[in-house]
Structure formats: C-alpha cells, structure tokens
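# Structural characterization, general
The primary structure of each chain is shown beneath.
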Amino acid sequence: MRVDIVSIFPEYLEPLRLSLVGKAVDAGIIDLHLHDLRAYTRDRHRTVDDTPYGGGPGMVMSPVPWGEALDHVRADEPSVRPTLVVPTPSGRPFRQATAQEWSDRDWLVFACGRYEGIDARVVDHFSGREDWDGVCEVSIGDYVLAGGEAAVLVMVEAVARLLPGVLGNENSAREDSFAPGEMAERVEGPVFTKPPQWRDLHVPDVLLSGHHGNIEQWRRAQADARTAERRPDLLGD
Ligand code: SAM
C-alpha cells in the first residue's frame, strides 16, 4: 500500500518509521511518502493560511498550496487512483471498520489540517475528480486537536496492522476489540501473562486449566461484561 502524508510539519510523522509501522515500511509493505505543504507555496514567506471569509477568529488553510501539493502527489503514480483522507473533528467517525476497509485500498493520501482547518473547496474539488478514488473526511474522536498529524499517526497505525505480513500473528487482529465478526461490537476482556501470582494477585484458574472450551467461554463472558460496563453504547438497545 502506498501512503502519502501532506503536512506543514512532515517531521511530526517520522514516528511512522518506528516500531510496527516502521517495520512494514522497511519490508516494503507500506510505501511511505511525507510532503511539506510549504514546498507548494509561491511567496517568500511560504504562506499556507489566510483570514476566514465572513470574519471570526483564527486562520484558514488556503486551497492554493493544497491544490498544488495534491496534484503533485497524484501525478507521481498515474496508474493508481488514490483516496484522499482529510482528518477533521467534523468528519465521520474513524472506526475499526474504516481501518479494515482502507486496508484493501492501494493508495491513501492524508491531508493534515492546522489552524481552523482547510478551505472547504479542497474537499469539493477532489471529491469531483475522476482521477481520485473519493475523499473521506474523518474524525478520530469527539475532541479537538491542534492539527491532523496526530490523527494521521493513529489512522495509519490502525490500517497498517491489518495489512498482510505486518502482525507476527494474524490471529491477534482477529480477536481484538472491534474485529469483524463476533467482536465487531465488543471490546476485549482482560489479558494475563506469567507469573501466575504477582504481588497478591492471581491469574484466573480457568486460564491455567488448559481447557480450551472453558477458556473461550470465559473470554467471551469477560468481553461481554467489560463491553456492558464500559461501552454500553456498542450494545445498542
Ligand atoms: N475549527 C475546527 C472545528 O471546530 O472543527 C477545528 C480545527 S483543528 C484546531 C485543526 C486541525 O486539527 C483540523 O483541520 C484537523 O486536521 C485536525 N483535527 C483536530 N481534531 C481532530 C479530530 N478529532 N479528528 C481528526 N482530526 C482532527
């Protein structure tokens, strides 16, 4: 999968070269490209923002460098249509199902906003372009960050661990919270490792029993109980 990220702070995305995602990049599973939006400005001050039409506080990111940057990225790979992802608190919620869906795509391009966000015409323009595979405006939660970079770190990591060959054990993604199937609307229960006793706390007996059926049943019950307690919203009516 190809991943391009455009930002005024491309170095903010350098952690993608570490750990699990970094290994996927090194292995060629992810073809990562970071771009500095300011490289697509034309003025001496490398300006990327301006005052909002209609007044109000803050600054809005200009569509001009965004258009140039995204056209430049697009032109790099004519045979594949990229999906443009624009993180914004007003977007549709980014969920595990979103990560799952994106993990099948060939090319994701992320546009990191700052200030009051990106001029709305950028999304309108690229949504209508046939050489792009749509635009997704997504939110990673009901809070406001200073910029899209942290949201992109979250989303790329969530997608990367679903790509074939990235996780050491593919089963771990299948049993995770929110995984498709039985776990889709549940969170995982508690997990334990050695030693069997730590301080005054013991690992539940069932996990030491070696009885796979009972262990499975216990895990399911724990996931249900935890979901009911912490995430009743997932259980619907
Ligand atoms: N004025 C915007 C609003 O109220 O919706 C907030 C802009 S925010 C200060 C600047 C940038 O941070 C956004 O353009 C977006 O890229 C990013 N951002 C902030 N919160 C986010 C969230 N919850 N999910 C995804 N991106 C977010």
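This text follows the structure it describes.
Now for a look at the structure at hand. (Residues numbered from 1 in each chain as written. Predicted model: local features only at pLDDT ≥ 70, side-chain atom pairs only at ≥ 80, totals over all residues. Heavy atoms only, no water.)

Right, let's get into the overall build of the chain. Secondary structure summary: the chain contains 8 helices and 9 strands in total. Its C-alpha atoms put the chain at 70 × 40 × 35 Å along the principal axes. With 237 residues in all, the chain has 39% of them scored as buried. Counting only contacts in the chain whose residues sit at least 6 apart along the sequence, the fraction spanning at least 24 positions is 73%. (Helix = DSSP H or I, 4+ residues; strand = E, 2+ residues; numbered from the N terminus. Buried < 20%, exposed > 50% of the residue type's maximum accessible area, 1.4 Å probe, protein only. Contact = heavy atoms within 4.5 Å.)

Okay, the nonpolar core next. The nonpolar side chains of a soluble globular protein tend to be buried with one another. One finds I5, I30, W102, F110 and M155 to be the most contacted residues of the largest nonpolar core, which totals 32 residues. Secondary-structure elements contributing two or more residues to this core are β1 (2-7), α1 (19-26), α3 (96-102), β6 (107-111), β7 (135-139) and α5 (149-160). Counting residues per element, this core draws most heavily on α5, which supplies 8 residues. Residue contacts for W102: discarding those within four places in its chain leaves M1, V85, F94, L108, F110, C136, V138, M155 and V159. With 19 residues, the next largest nonpolar core counts W66, L84, F126 and W132 among its residues. (Core = buried A, V, L, I, M, F, W, Y, C linked by side-chain atoms within 4.5 Å.)

Moving on to the site of the ligand. Close to the ligand lie 19 residues, the nearest being P87, E116, G141, Y143 and L145. Interatomic distance of 3.1 Å between a backbone N/O atom of I140 and a nitrogen atom of the ligand. Between the ligand and L145, the relevant distance is 2.9 Å, taken from a nitrogen atom to a main-chain nitrogen or oxygen of the residue. Protein contacts shield 82% of the accessible area of the ligand, which totals 580 Å² for the unbound molecule. Mapped onto the shell around the ligand, the elements with two or more residues apiece are β5 (83-93) and β7. (Near = heavy atom within 4 Å. Polar contact = N/O pair within 3.5 Å; in protein donor to acceptor, adjacent residues only side chain to side chain. Areas by Shrake-Rupley, 256 points an atom, 1.4 Å probe, with all protein chains shown as cover.)

Moving on, we get to unusual backbone geometry. Trans peptide bonds make up most of the peptide bonds, and negative phi angles are found at most residues other than glycine. Here K194 and P195 are connected by a cis peptide whose omega angle stands at 5°. Structurally, P195 is set in the loop between α6 (170-174) and β8 (197-198). Positive phi, close to 70°, is recorded for F178, a residue that is not glycine. Following the sequence through the fold, F178 ends up in the loop between α6 and β8. In this structure, R199 takes a positive phi of about 50° despite not being glycine. For R199, the location among the structural elements is in the loop between β8 and β9 (201-202).

Each full turn of the α-helix corresponds to 3.6 residues, which orients residues three or four apart in the same direction. The terminal C-alpha atoms of helix α8 (residues 212-230) lie 27 Å apart, and with 19 residues this matches the ideal 27 Å at 1.5 Å per residue to within 8%. Along α8, the positions that sit buried rather than exposed are I215, W218, A223 and T227. Viewed end-on, α8 has its buried residues packed into an arc of 165°, placing them on one side of the element. Exposed and facing more than 90 degrees away from the buried side of α8 are Q217 and E229. Against the buried residues of α8 lie α7 (205-208). (Expected span 1.5 Å × (residues − 1). Arc of directions from axis to C-beta.)

Now for α5. Its 12 residues place the ends of α5 16 Å apart at the C-alpha level, agreeing with the 16 Å of an ideal helix rising 1.5 Å per residue. Taken residue by residue, α5 has E149, A151, V152, L153, M155, V156, A158, V159 and A160 as its buried positions. Each element contacted by the buried residues of α5 is listed here: β1, α1, β5, α3, β6 and β7.

In this section: the packing of aromatic side chains. Counting across every chain of the model gives 3 aromatic pairs. Ring centres 6.2 Å apart and planes at 70° place the aromatic pair W102 and F110 in the edge-to-face group. Here W102 matches F110 in class, with each residue buried. Here F126 and W132 contribute two aromatic rings whose centre-to-centre distance is 5.2 Å and whose plane-to-plane angle is 75°, an arrangement assigned as edge-to-face. By relative accessible area, which is 1% here, F126 ends up buried. Taken together, F94, W102 and F110 form an aromatic cluster joined through their ring pairs. (Phe/Tyr/Trp six-rings, centres within 6.5 Å; stacked < 30°, edge-to-face > 60°.)

These results come straight from atomic positions and should not be treated as a statement about function.
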